[in-house]
Amino acid sequence: MPTRGLVNSRNMLALAILACLLLSLLPTRYAGWVRALRNPVDVIVRPVSGPMAALSSWLRPARSNEGPSEETAEIERQRDQFKWLYLREVDRNAELEALVRDLQGGSSWGRLPGVRRVEASRVGADPSSGTVDFSRGSLDGVMPGAVAVARKSEQIVGIATDVRPNVSTFRLVTDKRLSPALVVGVVTPDGPVTSAELGALPRCQLRPQGDGTLVDANVAVSAASAINPGMLVRLNDETWPDAARMLVLGRVIRVEPADNPLYRRVVVRPELDVTRVPSVIVQFPGDARGGGAVPRTGGTP
């Protein structure tokens, strides 16, 4: 009876587990004989492993890992589409609000009476002639001398030189063929400026260089001392129409020595690439009398 109690199934299982643990802890050189049992065991197990695997697959089919069902995929597709539509409308609303501000005139220098503003899209360009075509013409009231201003800014893009019923050609403000070749600008600091202060601000007679910059190489040293890189230069030229008054010509990027030691060279660059703007606000007189002191065409296209 005592011997029989020692060899019951529970004791045998405990001994087998203990033996496995001892074998797993032995160094490899002492457990090499276990590998000799692999082939006999494989001969016994392999014939039944295939049928047992098939039976297991039949009793418990494998779950698909191909992704969500067609119904779930369709719901997700519709969700993504509605999200895109919503974001597109949000972006469109923001664009329309910006357009309203542009058309109403958001200049810090105030709106000019008798000036009309219409949006125009770019429809063509001729880099060799320094011109860009925009989708507004005489049917919209545009006339030679109208000014194209970059959207969401006060940057001058160019001046109308050829007006057709539905399309107008604008000479870029940076083109060397701009006529007259000199553009008078006033260098303004950040912040508001009073009328008295405006008269004392330094001025530049800028000439387009054909490389995207406008340069005045003859600024007196005393005036140049008040000009620093980063300052805005606004148009203050009586030969331009009123619709262009105090719009931005560009920003000072350098003040450097000139050939004459009594002068300095001031280099101005537009705040954006005027050759690539996709749309503009065209500004022109709102009545038949015109808005400029002297008609101006900007040069022959």
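See the structure shown above.
None of these values were measured; they are calculated from a predicted model.

**Q** Looking at this structure, I do not really get the overall build of the chain. What am I missing?
**A** Each helix and strand in the chain was counted, giving 6 helices and 12 strands. Looking at the chain as a whole, 31% of its 301 residues qualify as buried. Sequence separation of 24 or more characterises 64% of the internal contacts of the chain that already satisfy a separation of 6 or more.

**Q** Would you mind showing me how to read the sheet that holds strand β12 (residues 279-285) here?
**A** Sheet strands line up and pair through hydrogen bonds in the backbone, either parallel or antiparallel. Strand order in this closed barrel of 6 strands is β1-β2-β5-β4-β3-β12, and the pairing throughout is antiparallel. Adjacent strand axes in the sheet meet at a mean angle of 45 degrees, parallel and antiparallel pairs treated alike. Of the pairings in the sheet, the one linking strand β2 (residues 131-134) to strand β5 (residues 168-172) comprises 4 bridges and is antiparallel in character. Bridged to aspartate 133 within β5 is threonine 169.

**Q** What's the story with the nonpolar core in this structure? I'm lost.
**A** Side chains that are nonpolar tend, in soluble globular proteins, to be buried together. By size, the foremost hydrophobic cluster in this structure holds 24 residues, and its most contacted members are Ile156, Trp240, Leu249 and Val252. Counting residues in hydrophobic clusters, the runner-up holds 18 residues, among them Ala120, Val142, Val274 and Val277.

**Q** Could you clarify how one ought to interpret the side chain of aspartate 216 in this entry?
**A** The topology assignment puts aspartate 216 in strand β8 (residues 214-220). No salt bridge is formed by the buried aspartate 216; the nearest opposite charge belongs to arginine 207, separated by 8.2 Å. Polar side-chain contacts of aspartate 216 include one of 2.9 Å to the backbone nitrogen of asparagine 218. Those residues in contact with aspartate 216, other than ones at most four positions away along the chain, are Cys204, Gln205, Leu206, Arg264, Arg265 and Val266.

**Q** What is the right way to look at the sheet that holds strand β10 (residues 248-257) in this model?
**A** With antiparallel pairing, 6 strands are arranged side by side around a closed barrel as β6-β7-β8-β11-β10-β9. On average, each strand axis in the sheet is inclined to that of its neighbour by 40 degrees, with strand direction left out of account. As paired strands, β10 and strand β11 (residues 263-269) are joined by 6 bridges and run antiparallel to one another. Bridge pairing in β11 places glutamate 256 opposite arginine 265.

**Q** What am I meant to see in the pairing of strand β7 (residues 203-208) here?
**A** In regular strands, side chains alternate between the two faces of the sheet. Burial along β7 is one-sided: Cys204, Leu206 and Pro208 are buried, while Arg203, Gln205 and Arg207, pointing the other way, are not. Across 4 bridges, strand β6 (residues 183-188) lies against β7 in antiparallel orientation. When the bridges of β7 are listed, glycine 185 appears paired with cysteine 204. Pairing between β7 and β8: 2 bridges, direction antiparallel. Paired with proline 208 across the bridge in β8 is leucine 214.

**Q** Any chance you could explain the side chain of aspartate 175 here in plain terms?
**A** For aspartate 175, the position within the fold is in the loop between β5 and β6. Here the side chain of aspartate 175 touches arginine 171 through a polar contact of 3.1 Å, side chain to side chain. The residues touching aspartate 175, leaving out its near neighbours within four places in the chain, are Ser129, Gly130 and Pro208.

**Q** Is there a simple way to explain the pairing of β8 in this structure?
**A** Count of turn residues in the β7/β8 antiparallel hairpin: 5 residues, of which glycine 210 carries a positive phi of about 85 degrees. Relative to β11, β8 is paired through 5 bridges, and the arrangement is antiparallel. Its bridge partner being in β11, aspartate 216 is matched across the sheet by valine 266.

The rules we used
Residues numbered from 1 in each chain as written. Predicted model: local features only at pLDDT ≥ 70, side-chain atom pairs only at ≥ 80, totals over all residues. Heavy atoms only, no water. Helix = DSSP H or I, 4+ residues; strand = E, 2+ residues; numbered from the N terminus. Buried < 20%, exposed > 50% of the residue type's maximum accessible area, 1.4 Å probe, protein only. Contact = heavy atoms within 4.5 Å. Pairing = 2+ DSSP bridges. Axes fitted to C-alpha atoms, helices over the stretch in contact; angles between N-to-C directions. Core = buried A, V, L, I, M, F, W, Y, C linked by side-chain atoms within 4.5 Å. Lys, Arg positive; Asp, Glu negative; His and termini not counted. Salt bridge = Lys/Arg side-chain N within 4 Å of Asp/Glu carboxyl O. Polar contact = N/O pair within 3.5 Å; in protein donor to acceptor, adjacent residues only side chain to side chain.

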